[in-house]
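# Overview (structure and organization)
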Amino acid sequence: MNAIESLNWRAAIKQFDTSKQVSEEDLNVLLEAGNLAATSGGMQPFKIVVVSNPAKKAKLQEAAYGQKQLGDASHVLVFAIEQEVGDSTVDRYLNRAAEVRSIPLESMEGYANSMKGYLSAMDENTKANWAKSQAYIALGTVLLTAASMQIDSCPMEGFVKEQFEEILQLNEQKLTPAAILPIGYRSTEDYYSGMPKVRRTKEDFILEIK
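Let us look at the structure shown here. (Residues numbered from 1 in each chain as written. Predicted model: local features only at pLDDT ≥ 70, side-chain atom pairs only at ≥ 80, totals over all residues. Heavy atoms only, no water.)

Within the element layout of this structure, Ser74 appears in the loop between α4 (68-72) and β2 (75-82). Polar contacts involving the side chain of Ser74 include one to the side chain of Gln21, which spans 3.1 Å. Non-local contacts of Ser74, meaning those with residues more than four positions away in its chain, are made with Lys20, Gln21, Val22, Ser52, Lys57, Ile183 and Gly184. (Helix = DSSP H or I, 4+ residues; strand = E, 2+ residues; numbered from the N terminus. Polar contact = N/O pair within 3.5 Å; in protein donor to acceptor, adjacent residues only side chain to side chain. Contact = heavy atoms within 4.5 Å.)

For helix α5 (residues 87-101), with 15 residues, the first-to-last C-alpha span of 21 Å sits near the 21 Å given by 1.5 Å per residue. Where α5 is concerned, the buried positions are Thr89, Val90, Leu94, Ala97 and Ala98. Relative to the axis of α5, the buried residues are bounded by an arc of 165° and lie together on one face. Exposed positions of α5 whose direction lies more than 90 degrees from the buried face are Ser88, Glu99 and Val100. Looking at the buried side of α5, the elements it contacts are β2 and α6 (109-120). At the exit of α5 stands Ser102, carrying a positive phi of roughly 55°. (Expected span 1.5 Å × (residues − 1). Buried < 20%, exposed > 50% of the residue type's maximum accessible area, 1.4 Å probe, protein only. Arc of directions from axis to C-beta.)

Moving on to a nonpolar patch on the surface. Taken together, the side chains of Ile4, Leu7 and Leu144 define a hydrophobic patch exposed on the protein surface, amounting to about 250 Å² of accessible area. Checked against the element boundaries, Leu144 lands in helix α7 (residues 124-148). A relative accessible area of 33% means that Leu144 is categorised as partly exposed. (Patch = residues over 30% accessible without salt bridge, like charges linked within 9 Å, V, L, I, M, F, W, Y side chains within 5 Å. Areas by Shrake-Rupley, 256 points an atom, 1.4 Å probe, with all protein chains shown as cover. Salt bridge = Lys/Arg side-chain N within 4 Å of Asp/Glu carboxyl O.)

Turning our attention to the nonpolar core. Grouped together as the largest cluster of nonpolar side chains are 33 residues, with contacts concentrated most on Leu77, Phe79, Trp130, Ile151, Leu181 and Ile183. With eight residues, the top contributor of residues to this core is α7. In contact with Trp130, other than residues within four places in its own chain, are Ser40, Met43, Pro45, Val85, Tyr118, Leu119 and Met122. (Core = buried A, V, L, I, M, F, W, Y, C linked by side-chain atoms within 4.5 Å.)

A few words now on the sheet that holds strand β4 (residues 175-184). Sheet strands associate in pairs through backbone hydrogen bonding, adopting either a parallel or an antiparallel arrangement. The four strands lie next to each other as β1-β2-β4-β3, forming an open sheet whose pairing is antiparallel. Of all strands in the sheet, those with a lone pairing partner are β1 (46-51) and β3 (152-153), marking the two edges. In terms of strand pairing, β3 meets β4 through two bridges, oriented antiparallel. Bridge pairing in β4 links Asp152 to Gly184. Contacts from helix α8 (residues 161-168) reach β1, β2 and β4 within the one sheet, and its direction differs from that of β4 by about 80°. (Pairing = 2+ DSSP bridges. Axes fitted to C-alpha atoms, helices over the stretch in contact; angles between N-to-C directions.)

Glancing now at α7. Compared with the 36 Å implied by 1.5 Å per residue over 25 residues, the 37 Å span of α7 between its first and last C-alpha is a close match. Turning to α7, its buried residues number three or more, namely Lys127, Trp130, Ala131, Gln134, Ala135, Ala138, Leu139, Val142, Leu143, Thr145, Ala146 and Ala147. Sitting at the head of α7, Asp123 places a side-chain oxygen 3.3 Å from the backbone nitrogen of Asn125. The first or second residue beyond α7 is Gln150, which carries a positive phi of 55°.

Inspection of the entire model under this criterion finds three aromatic pairs. Ring centres of Phe159 and Phe164 lie 4.6 Å apart, and the angle between their planes is 40°; this geometry places the pair in the tilted category. In this structure, Lys14 packs its charged tip against the face of Tyr192, placed 5.1 Å from the ring centre. Directly above the aromatic system of Trp9 lies the positively charged group of Arg186, at a separation of 4.2 Å from the ring centroid. (Phe/Tyr/Trp six-rings, centres within 6.5 Å; stacked < 30°, edge-to-face > 60°. Lys NZ or Arg CZ within 6 Å of the ring centre and 35° of its normal.)

The full count for this structure, using the stated rule, is ten salt bridges. Note that Lys68 and Asp72 form a salt bridge whose closest N and O atoms lie 2.5 Å from each other. Remark: Asp72 and Lys68 occur in helix α4; sequence separation between them is four residues, near one turn of the helix. Three or more residues are tied together by salt bridges with common partners; here these are Lys161, Glu162 and Glu165.

The next thing to look at is the side chain of Gln69. Structurally, Gln69 can be placed in helix α4. Apart from residues lying up to four places away in sequence, Gln69 is in contact with Ile13, Lys14, Phe16, Cys154, Met156 and Pro182.

What follows is the structure, given as structure tokens:
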């Protein structure tokens, strides 16, 4: 399938087939897609937390207002933003860039100062919103990759953040959950997967400036 066919096939699945599991190989492809997603300045101020343990998934379901797809999915991916964003975020990127590209840190001094100045001008709430925006870019990238592999998913924001932090011990990792993505394979009983998509018309959606 091409990208548009994949997006038309995709649906927010509410009922997963509990007898089917996403293979480790396919899961790794999805995680690599998330890692390769575009982010502002390449900073990646988030992590993807992978949950496959049935007991943990059941607890997450309770913390997501009982939404069944969390417990039934093969895996639950939690996009969690870093609680501390600043100079250390930039330094991590620079050290990795120096390693991957075999270039001296000193050659990136101008970029380092620019990014550190950019982040230091933000208050903590703005930093959190910036980090969340980056996580959502990765979420979209994983969504499309999953659809291209005919792996189902259901992007979600409906959960109690504090309970997720406790269940997954995210505060110990200085992480805060921003969005979640149960993945797996749709049940034949899923109601929404067979329904036509409801989207704005092209004329109503696209504004062309000439």
